[in-house]
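Per-entry structural report
One letter stands for each residue in the lines below.
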Amino acid sequence: FVFEALKTSPEGAELSKGRRLRFLANVDPIDVARATEGLNPETTLVLVVSKTFTTAETMLNARTMKDWLIKGLGSPDCIAKHVAACSTALDK
C-alpha cells in the first residue's frame, strides 16, 4: 500500500528517483535470485516486515538475505547497517 501511495505523490516520486523497491515473499530460491538480481549489497537495505517474527517463511527469507549480505560484504558486521525490522512484536 505505501509503495503504491508513494508512486502517486509528486514529492514521494521525486525523493525515490534512482531507488528500487523489491519484495521477497516466497522462499523459492528462484524468487530469491530474481529479487536480488542486479542488486549491490553495499547499497541495499533489507527491511524485514512481520507481525510476530514467528512465521517460518519470513524467518527463512530474513536468514537468506542476511547470508546474501554477508557473502557480498564479507562480514557479519554489515547486518547492523543493511537490515532493519518492522513489527508489532516489540519484545523481539
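Structural data are supplied above this passage.
Residues numbered from 1 in each chain as written. Predicted model: local features only at pLDDT ≥ 70, side-chain atom pairs only at ≥ 80, totals over all residues. Heavy atoms only, no water.

The next point concerns the pairing of strand β1 (residues 46-49). Burial along β1 is one-sided: the face carrying Val46 and Val48 is buried and the face carrying Leu47 and Val49 is not. Looking at chain direction, β1 and strand β2 (residues 83-86) are connected through 4 bridges and run parallel. Within the sheet, the bridge partner assigned to Val48 lies in β2 and is Ala85. (Buried < 20%, exposed > 50% of the residue type's maximum accessible area, 1.4 Å probe, protein only. Helix = DSSP H or I, 4+ residues; strand = E, 2+ residues; numbered from the N terminus. Pairing = 2+ DSSP bridges.)

This next bit is on the nonpolar core. Residues Val46, Val48, Phe53, Met65, Leu69, Cys78 and Ile79 constitute the largest nonpolar core, which totals 7 residues. Apart from residues no more than four positions distant in its own chain, Ile79 is found in contact with Lys66, Leu69 and Ile70. (Core = buried A, V, L, I, M, F, W, Y, C linked by side-chain atoms within 4.5 Å. Contact = heavy atoms within 4.5 Å.)

Here we take up the side chain of Thr36. Relative to the helices and strands, Thr36 resides in helix α3 (residues 29-36). In terms of polar contacts, Thr36 uses its side chain to reach the backbone carbonyl oxygen of Val32, at 2.9 Å. In contact with Thr36, other than residues within four places in its own chain, are Arg22, Met65 and Trp68. (Polar contact = N/O pair within 3.5 Å; in protein donor to acceptor, adjacent residues only side chain to side chain.)

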